[in-house]
Amino acid sequence: MADLLWDDVKCFFDPDLMGSLPDVRVPGASVEDWQTVLVLVAEKGWKCQYSEGETVLPVPRAQAALSRAADAVCPDLRVWPTADVLAIFRFHAADEVDFNVDLRELQGQERLDVFCGFLREIGRRLGKPVLMDPEGDDGHPVIGFDVEADRVVLLADPQVR
């Protein structure tokens, strides 16, 4: 059974309302949590690409990706849980695993199910909530993985257009 039904949440996947690149995050994280995500990506066999600026490199340990000079470019890890859904992890800080998704890729029930499954995998592995905020509106999650419920749930009332 689907965690969420498209008709109930499609407003939260409208790029005009939410911004096309909402912020997805795991607050209260650690370097060990980042490393756990890297291990999860490898174990699941999800296609991925790590880069620092324009330079593509092998995926390092999380500590190395998070330890950089203040003026260095922020590394990112592109992860494709399926061929047509991309999540871009950015190694900004150890205390929050954060990534973006493109809402234009997450239209319809099938893609929503892929996205919910991705959040569930990360949340279960870390034992922590995974929250999606509107682009540039951190701290106001609309959906997320709930550890207690063991599923992705609504965290805000859907907007009616």
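The written sequence of each chain sets the order in which its residues are numbered from 1. The predicted origin of the model limits local features to residues at a pLDDT of at least 70 and limits the giving and counting of side-chain atom pairs to 80 or more, whereas totals for whole chains, interfaces and linings rest on all residues. Excluding hydrogens and water, the side-chain figures rest on all heavy atoms present in the structure.

Okay, the sheet that holds strand S3 (residues 55–57) next. By this definition, two strands are paired if DSSP reports at least two bridges between them. For the purposes of this entry, the term helix denotes a DSSP run of H or I that reaches at least four residues, the term strand denotes a run of E that reaches at least two, and both are numbered from the N terminus. Strands sit in the order S3-S2-S4-S5-S6-S1-S7-S8-S9 across an open sheet of nine strands; the sheet is antiparallel. With one partner strand each, in any of the chains shown, S3 and strand S9 (151–154) form the two edges of the open sheet. On average, adjacent strands in this sheet sit at an angle of 30° to one another, irrespective of strand direction. Bridge count for strand S5 (residues 85–93) against strand S6 (residues 96–101) is five bridges, and the pairing is antiparallel. Among the inter-strand pairings, Arg90 is bridged to a residue of S6, identified as Asp98. Angles here are taken between N-to-C directions and fall from 0 to 180 degrees, while the axes themselves are lines fitted to C-alpha atoms, restricted in helices to the stretch in contact.

Attention shifts here to the nonpolar core. The criterion is simple. A nonpolar core is a set of buried Ala, Val, Leu, Ile, Met, Phe, Trp, Tyr and Cys residues joined through side-chain atoms within 4.5 Å. Relative accessibility thresholds used throughout: buried, under 20% of the residue-type maximum; exposed, over 50%; partly exposed, between the two (1.4 Å probe, protein chains only). With 44 residues, the main nonpolar core has Phe13, Phe89, Phe99, Phe115, Ile122 and Ile143 as its most contacted residues. Each residue touching Phe13, except ones within four places of it in the same chain, is listed here: Trp6, Met18, Leu103, Leu106, Gln107, Leu112, Phe115, Met132 and Ile143. We call two residues in contact whenever any of their non-hydrogen atoms come within 4.5 Å of each other.

Now for unusual backbone geometry. For Asp150, which is not glycine, the phi dihedral falls at a positive 60°. Along the chain, Asp150 falls in the loop between strand S8 (143–146) and S9.

Quick look at the environment of Pro141 now. Considering the arrangement of structural elements, one finds Pro141 in the loop between strand S7 (130–133) and S8. Residues Pro141 and Ala42, spaced 99 residues apart in sequence, show a C-alpha to C-alpha distance of 28 Å. Excluding its chain neighbours within four sequence positions, the residues that come into contact with Pro141 are Arg25, Leu131, Met132, Asp133, Leu155 and Ala156.

For the rest of this paragraph, the subject is the packing of aromatic side chains. Stacked, tilted and edge-to-face are the three classes applied to pairs of Phe, Tyr and Trp rings, where Trp contributes its six-membered ring and a pair requires centres within 6.5 Å; stacked means planes under 30 degrees apart, edge-to-face means over 60, and tilted covers the rest. One pass over the structure, following the stated rule, counts eight aromatic pairs. An angle of 85° between the planes, with centres 5.9 Å apart, marks the rings of Phe13 and Phe115 as edge-to-face. Linking Phe13 in the loop between helix H1 (6–9) and helix H2 (15–18) with Phe115 in helix H5 (residues 109–126), this pair joins segments that are 102 residues apart in sequence. Phe13 sits in the buried class, given a relative accessible area of 0%. Ring centres of Tyr50 and Phe91 lie 6.0 Å apart, and the angle between their planes is 70°; this geometry places the pair in the edge-to-face category. One end of the pair, Tyr50, is in strand S2 (residues 47–52); the other, Phe91, is in strand S5, and 41 residues separate them in sequence.

Time to look at the confidence of the model for the protein. Averaged over all residues, the pLDDT of the protein equals 94, while 98% of them reach at least 70. H2 is the least confidently modelled element of the protein, averaging 92 in pLDDT, while helix H3 (residues 31–44) averages 98, the highest of any element. The predictor attaches a confidence to each residue, and that confidence, scored 0 to 100, is pLDDT.

A pairing counts as a salt bridge when a side-chain nitrogen of Lys or Arg comes within 4 Å of a carboxyl oxygen of Asp or Glu. As enumerated under the stated definition, the model contains ten salt bridges in all. Between Glu121 and Lys44 there is a salt bridge, and its shortest N-O distance comes to 3.2 Å. In this pair, Glu121 is assigned in helix H5 and Lys44 in helix H3, connecting sequence segments 77 residues apart. Between Arg124 and Asp150 there is a salt bridge; the shortest N-O distance is 2.8 Å. Here Asp150 lies in the loop between S8 and S9 and Arg124 lies in helix H5, a separation of 26 residues in the sequence. Judged by relative accessible area, Arg124 falls into the partly exposed class, the value being 45%.

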